[in-house]
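Residue-level listing of the chains:
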Amino acid sequence: GDWDVKTPDGKVAGSNSITKHYNDCVLREQYKTPKGFSGESFNTYDVGRKVWHQTWIDNANSLLLLEGGIRDGSMVLEGKTTSTDAKVTLHRITFTPNDDGSVRQFWQSTNAKGEWETAFDGIYTRK
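Here the structure is a predicted model, which is why all the values come from computation and not from measurement. (Residues numbered from 1 in each chain as written. Predicted model: local features only at pLDDT ≥ 70, side-chain atom pairs only at ≥ 80, totals over all residues. Heavy atoms only, no water.)

Observations regarding the pattern of salt bridges
Alright, step 1. With the rule as written, the count across this model stands at 7 salt bridges.
Alright, step 2. Note that aspartate 46 and arginine 49 form a salt bridge whose closest N and O atoms lie 2.8 Å from each other.
Alright, step 3. Looking at aspartate 46, the relative accessible area reads 25%, which means it is partly exposed.
Alright, step 4. Residue class for arginine 49 comes out partly exposed when judged on its relative accessible area of 45%.
Alright, step 5. The salt bridge partner of glutamate 67 is arginine 49, with a shortest N-O separation of 2.3 Å. Taken together, the residues span a long stretch of sequence, with glutamate 67 in strand β6 (residues 63-71) and arginine 49 in the loop between β4 (38-46) and β5 (51-58) at a distance of 18 residues.
Alright, step 6. Taken together, the shared-partner salt bridges in this structure form one network comprising Asp46, Arg49 and Glu67. (Salt bridge = Lys/Arg side-chain N within 4 Å of Asp/Glu carboxyl O. Buried < 20%, exposed > 50% of the residue type's maximum accessible area, 1.4 Å probe, protein only. Helix = DSSP H or I, 4+ residues; strand = E, 2+ residues; numbered from the N terminus.)

As for the side chain of threonine 94
Alright, step 1. Following the sequence through the fold, threonine 94 ends up in strand β8 (residues 88-97).
Alright, step 2. If near-sequence neighbours (up to four positions away) are discounted, threonine 94 is found in contact with Ser74, Met75, Val76, Arg104, Gln105 and Phe106. (Contact = heavy atoms within 4.5 Å.)

Some points on the pairing of strand β3 (residues 26-32)
Alright, step 1. Across 7 bridges, strand β2 (residues 12-21) lies against β3 in antiparallel orientation. Note that in β3 the partner of histidine 21 across the bridge is valine 26.
Alright, step 2. Bridge analysis of β3 against β4 gives 6 bridges, and the strand direction is antiparallel. Following the sheet pairing, tyrosine 31 is matched in β4 by glycine 39.
Alright, step 3. Connecting β3 to the antiparallel partner β4 that follows it, the hairpin turn spans 5 residues, and glycine 36 within it adopts a positive phi of roughly 100°. (Pairing = 2+ DSSP bridges.)

Laid out in structure tokens, this is it:
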């Protein structure tokens, strides 16, 4: 379905559309912000390895490959990116359902010191 995305302080961060494809085996996410950033992901469950896989691409020339599954009631996906100067950044995105039907996306990435920092924190609410 279609979702509004806001930061924890209520500011509009973007909009998101999630649709099923290929006999409901693939979830396609399309994300847009008011400032022109856009991207999409393709998500599927790898039955053989028993993990969820996400491939994210966007108009900033980013590619992010994430994998994971359910941990303590949240979907946790992890991956890494490597910059042109060989710097590796780890990413961890946690999706937590809220009692009101909204979903929190909490994205953490490692900084130059290898410490976790918040990259994005958003609340997804159905339109």
